[in-house]
Amino acid sequence: MKIRPQLFFALFFGLWVPPFLVGTLTALSYFQDIFIHQKPEPLSSSATLSESALQTPKKAPLQVAILLSSGGVQISEAFIPFTLLTENNTGIQALFVSHKKELIPTTGAISLLPHATLAEVSQPDYVIIPSQLDTDQKEIQEWLKTRLLKTKGVLALGEGVRVLAQGGWLNQ
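Fair warning: this is a prediction, and the values are worked out from it, not measured in the lab. (Residues numbered from 1 in each chain as written. Predicted model: local features only at pLDDT ≥ 70, side-chain atom pairs only at ≥ 80, totals over all residues. Heavy atoms only, no water.)

> Describe the pairing of strand S6 (residues 126-129), with residues and values.
Bridging between strand S1 (residues 62-67) and S6 involves three bridges; their strand directions are parallel. From the neighbouring strand, Val 64 faces S6, where its bridge partner is Tyr 126. By the bridge criterion, four bridges tie S6 to strand S7 (residues 153-156) in an arrangement that is parallel. Within S7, the residue paired with Ile 128 across the bridge is Leu 155. (Pairing = 2+ DSSP bridges. Helix = DSSP H or I, 4+ residues; strand = E, 2+ residues; numbered from the N terminus.)

Structure below.
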C-alpha cells in the first residue's frame, strides 16, 4: 500500500504534532519555576556575620567547623557535609571557617565565603577538613594545635588528611 505524500503530511501534522506541542508546552510551564532562575544578588564585600549567627543553637549544642584553606578547597567535600548537617533543622551549627573572611576558591565554578574566622571559633565539637588545594597553611596548623585534642572528633576527607599529617597528628 502506497501512501501519498499529502496524506502522510496531513496525518503527521494533524495527529502527531499538536499533542507533542501541547505536552511540551505543558511540561515547560510546569517546570518553569524549577529551571528558570533569578539572577542572584551580588555579594557585598562588607558582608558580616551577626553575633547571634555565631552562637550555638539551644536545641543541640553541637558546632562543626569546616576548615577552608585560602588557597582553595574541593567544593564537594566542603559543601556536601555542610548541607547534610544543616538541612532538616538538625540543630547542628556547621560553619565554614578560614583565617580570613574572604572568598575561598573551589574546584567548582563558585567561591565560598567563610561564616567565621579561626579566631572567632573558640572550640568546635567536631572539625571537618576537606581537600585543601594549598595544604601548607600555618594559620590552620596553629589553630588545630590548640583545639584538636579537645574536640569530640575530626573528619579529614581526601587531601585533607595531608593537613593532619603535616601537623604530626597521624603519628600519635
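Now that the structure has been shown, the text picks up again.
> Go over the nonpolar core, please, and point to the residues and values.
Ranked by size, the top nonpolar core spans 16 residues in total, and within it Leu 67, Val 97, Val 127, Ile 129, Trp 143 and Leu 144 carry the most contacts. Of the residues forming this core, the biggest block, three residues, is contributed by helix H4 (residues 138-147). Judged by nonpolar contacts, the second largest core, of 12 residues, contains Ile 66, Leu 68, Phe 96 and Ile 104. (Core = buried A, V, L, I, M, F, W, Y, C linked by side-chain atoms within 4.5 Å. Buried < 20%, exposed > 50% of the residue type's maximum accessible area, 1.4 Å probe, protein only.)

> Which residues make up the environment of Ile 104, and what values do they have?
For Ile 104, the position within the fold is in strand S3 (residues 104-105). Overall, Ile 104 belongs to the buried group, its relative accessible area being 0%.

> Please give an account of the packing of aromatic side chains that cites residues and values.
Tallying each qualifying case throughout the model produces two aromatic pairs. On the basis of an interplanar angle of 25 degrees and a centroid distance of 4.7 Å, the ring pair of Phe 82 and Phe 96 is categorised as stacked. Here Phe 82, found in helix H3 (residues 75-86), pairs with Phe 96, found in strand S2 (residues 92-98); they are 14 residues apart in sequence, far enough to count as distant. Residue classification places Phe 82 among the buried residues on the basis of a relative accessible area of 16%. Pairwise contacts between aromatic rings join Phe 79, Phe 82 and Phe 96 into one cluster. (Phe/Tyr/Trp six-rings, centres within 6.5 Å; stacked < 30°, edge-to-face > 60°.)

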